[in-house]
Amino acid sequence: MPKSNAQRALVVGAGIAGLATAWWLERAGWDVLVVEKAPAFRAGGYMIDFFGPGHEVARRMGLLPALEARRAPISSVTSVDSRGRRRAEISTEAYEAVADGVISLLRGDLADVVRDDVRSPIRCGVTVSVIDDGRVTFSDGSVGDFDLVVGADGVHSRVRELLFGPSFVRYLGHHVAAFSFRDPSLSARIGYRYQMLTVPHRMIGCYAVRDGAMAALLLYRSSSQALPADPAAALRERFGDLGWVAPSLLSVVPDDIYYDEVSQVDLPVWHRGKVVLVGDACGAVSLFAGHGASLAMTGAFVLAEELAAGTDGAFERYQARMKLVVSRTQDFGRKFIGWMAPSSRLRISLRDMAFRLSGRPVVRNLIRGSVMPDVDGVLLRQRAS
Ligand SMILES: Cc1cc2nc3c(=O)[nH]c(=O)nc-3n(C[C@H](O)[C@H](O)[C@H](O)COP(=O)(O)OP(=O)(O)OC[C@H]3O[C@@H](n4cnc5c(N)ncnc54)[C@H](O)[C@@H]3O)c2cc1C
């Protein structure tokens, strides 16, 4: 129960950043309300590798056992040709060096584990229409007054738009789609190995999740940032000529597919008045960088820690601690495009060669340096006094 004189916080968005923010704020004595645009909690989604500082934040929240229980035991990364034959594989040693401490799990599972430990009310099917500093008008017409409003509504943040306008999204020239489906025989054939077929500017990958389920990821270059009206049709058009598992995957694209442009958010100031942004809303790094969930958890922790130290200047201190690492991770993400979606056959061959040589310490370290941004230590340092 919140204290009767508790300050009121509104968190917009029940994703990873929003739920983690609610978790930390309610434990600091805030009276928290979470609103989520989706009509129901978003489960499943795409697979993420969860590590780095967010992993440490999850440990401090006592959530690691629950996260471990949902881990998908991915053991290798394999590049295949259009008939599914192995072209190259990252060695076990290199995979372990890169993936040390990584928990691979569905985005929805991470959010679900945090949500299970959040006591504050979560109102689904509701968003914000007007924000006048602490006074908020919701989409259902109700109005509320808050001491703090946290925009945790993702890369296409409505809160950010209400505060600062529609700009600040940096398109990285690709569209991405991800979905899960059940196919026990394909799941047994592919196994807990991330297998991918890459042709210039296009990548299709899949892996077994658990209980006969599969997760698929499709990525392609597009000069247009605009999303297609029919994502399934767009994927069939883009990937229909590829062999391997492409026909099977394209025949089971579900209605609730995740489909989006790949972009980053670059915003000079993350707050205004009583309103502050957290997670992808202010610092999306993109799937190419692969640390967005970790940074979302960390941002929530740092924001709550700075608020606990005193509300005066808390947003500035929070941003000062987070922004450098977000910018570094974004730089890293842009460089990583060439690993995930190489632009030519030569580049695909060079990447595969690095995979084949990855058992050698020099190449292993090179790969580790290429796929891991330098994020550790920056965020979780003690607060500057
Ligand atoms: C394919 C893919 C692979 C990825 N792989 C990794 C990885 O390996 N490792 C990693 O760390 N990160 C990865 N990421 C990034 C990671 O998923 C995001 O950075 C992370 O989910 C950001 O969390 P968030 O809470 O800020 O935003 P989100 O997870 O997007 O959550 C935002 C929430 O706000 C809700 N919402 C949106 N608009 C409104 C509104 N107007 N009102 C109310 N609610 C609203 C949404 O429905 C959602 O529930 C990947 C991303 C993608 C797309």
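All of the points below concern the structure found in this document. Please read these numbers as outputs of a predicted model, since none were measured by experiment. (Residues numbered from 1 in each chain as written. Predicted model: local features only at pLDDT ≥ 70, side-chain atom pairs only at ≥ 80, totals over all residues. Heavy atoms only, no water.)

**Observations concerning the overall build of the protein**
Counting its regular elements, the protein contains 14 helices and 18 strands. Taking 2.2 N^0.38 as the reference for a compact globule, 385 residues should give roughly 21 Å; the C-alpha atoms of the protein span a radius of gyration of 21 Å, in line with that estimate. With respect to the principal axes defined by its C-alpha atoms, the protein has extents near 65 × 45 × 40 Å. When each of the 385 residues of the protein is scored for burial, the buried share is 54%. For the protein, restricting intrachain contacts to residue pairs at least 6 apart in sequence, the fraction spanning at least 24 positions comes to 74%. (Helix = DSSP H or I, 4+ residues; strand = E, 2+ residues; numbered from the N terminus. Rg over C-alpha atoms; globule rule 2.2 N^0.38 Å. Buried < 20%, exposed > 50% of the residue type's maximum accessible area, 1.4 Å probe, protein only. Contact = heavy atoms within 4.5 Å.)

**A closer look at helix α5 (residues 107-116)**
Most of α5 sits inside the fold, with 8 of its 10 residues counted as buried. The complete set of buried residues in α5 reads Arg107, Gly108, Asp109, Leu110, Ala111, Asp112, Val113 and Val114. Its buried side turned inward, α5 meets α1 (16-27), β3 (47-50), α3 (64-69), β6 (103-106) and α11 (292-308).

**Let's talk about the site of the ligand**
Lining the immediate environment of the ligand, one finds 31 residues, of which Glu36, Asp49, Thr127, Asp280 and Gly290 sit closest. Within the contact set of the ligand, an oxygen atom lies 3.4 Å away from a backbone nitrogen or oxygen of Ser294. Against a free-state accessible area of 1,000 Å², the protein chains account for coverage of 91% of the ligand. Secondary structure elements with two or more residues in the shell around the ligand: α1, β2 (31-36), β3 and α11. Tallying contributions element by element places α11 first for the shell around the ligand, with 4 residues. Here the residues of the shell around the ligand are counted per class, giving 14 nonpolar, 9 polar and 8 charged. (Near = heavy atom within 4 Å. Polar contact = N/O pair within 3.5 Å; in protein donor to acceptor, adjacent residues only side chain to side chain. Areas by Shrake-Rupley, 256 points an atom, 1.4 Å probe, with all protein chains shown as cover. Nonpolar A, V, L, I, M, F, W, Y, C, P; charged D, E, K, R; others polar.)

**Some thoughts on the side chain of Arg160**
Here Arg160 is to be found in helix α6 (residues 158-164). No salt bridge is formed by the buried Arg160; its nearest oppositely charged neighbour, Asp153, is found at 6.8 Å. In this view, Arg160 contacts Gly154, Val155, Gly165, Ser167, Val169, Val265, Leu267, Leu277, Asp280 and Ala281; residues no more than four positions away in its chain are not counted. (Lys, Arg positive; Asp, Glu negative; His and termini not counted. Salt bridge = Lys/Arg side-chain N within 4 Å of Asp/Glu carboxyl O.)

**Section: the sheet that holds strand β7 (residues 122-124)**
Pairing is mixed across the open sheet formed by 6 strands, whose spatial order is β7-β2-β1-β11-β18-β17. Of all the strands in the sheet, just β7 and β17 (271-272) have a single pairing partner and so form its edges. Sheet topology places β2 next to β7; 3 bridges connect them, and they run parallel. From the neighbouring strand, Val34 faces β7, where its bridge partner is Ile122. (Pairing = 2+ DSSP bridges.)

**As for the sheet that holds strand β16 (residues 258-265)**
Strand order in the open sheet formed by 7 strands is β5-β4-β13-β14-β15-β12-β16, and the pairing between neighbours is mixed. The open sheet is flanked by β5 (86-89) and β16, the only strands paired with a single partner. Across the sheet, the axes of successive neighbouring strands diverge by a mean angle of 25°, strand direction being ignored. The sheet contact formed by strand β12 (residues 169-182) and strand β15 (residues 213-221) spans 9 bridges and is antiparallel. Bridged to Ala178 within β15 is Leu217. Helix α8 (residues 231-239) rests against β12, β14 (202-208), β15 and β16 of the sheet, and its axis sits at about 70° to β15. (Axes fitted to C-alpha atoms, helices over the stretch in contact; angles between N-to-C directions.)

**Things to note about the packing of α1 against α5**
It is at 9 Å that the axes of α1 and α5 come closest, and there the two elements cross at 15°. In terms of their interaxial angle, α1 and α5 are classed as roughly parallel. In the crossing of α1 with α5, the sense of the turn from one axis to the other is left-handed. Contacts between α1 and α5 involve Ile16, Leu19, Ala20 and Trp23 from the former and Arg107, Leu110, Ala111, Val114 and Arg115 from the latter. (Parallel < 35°, antiparallel > 145°, perpendicular 65-115°, else oblique. Left-handed = near helix turned anticlockwise from the far one by under 90°.)

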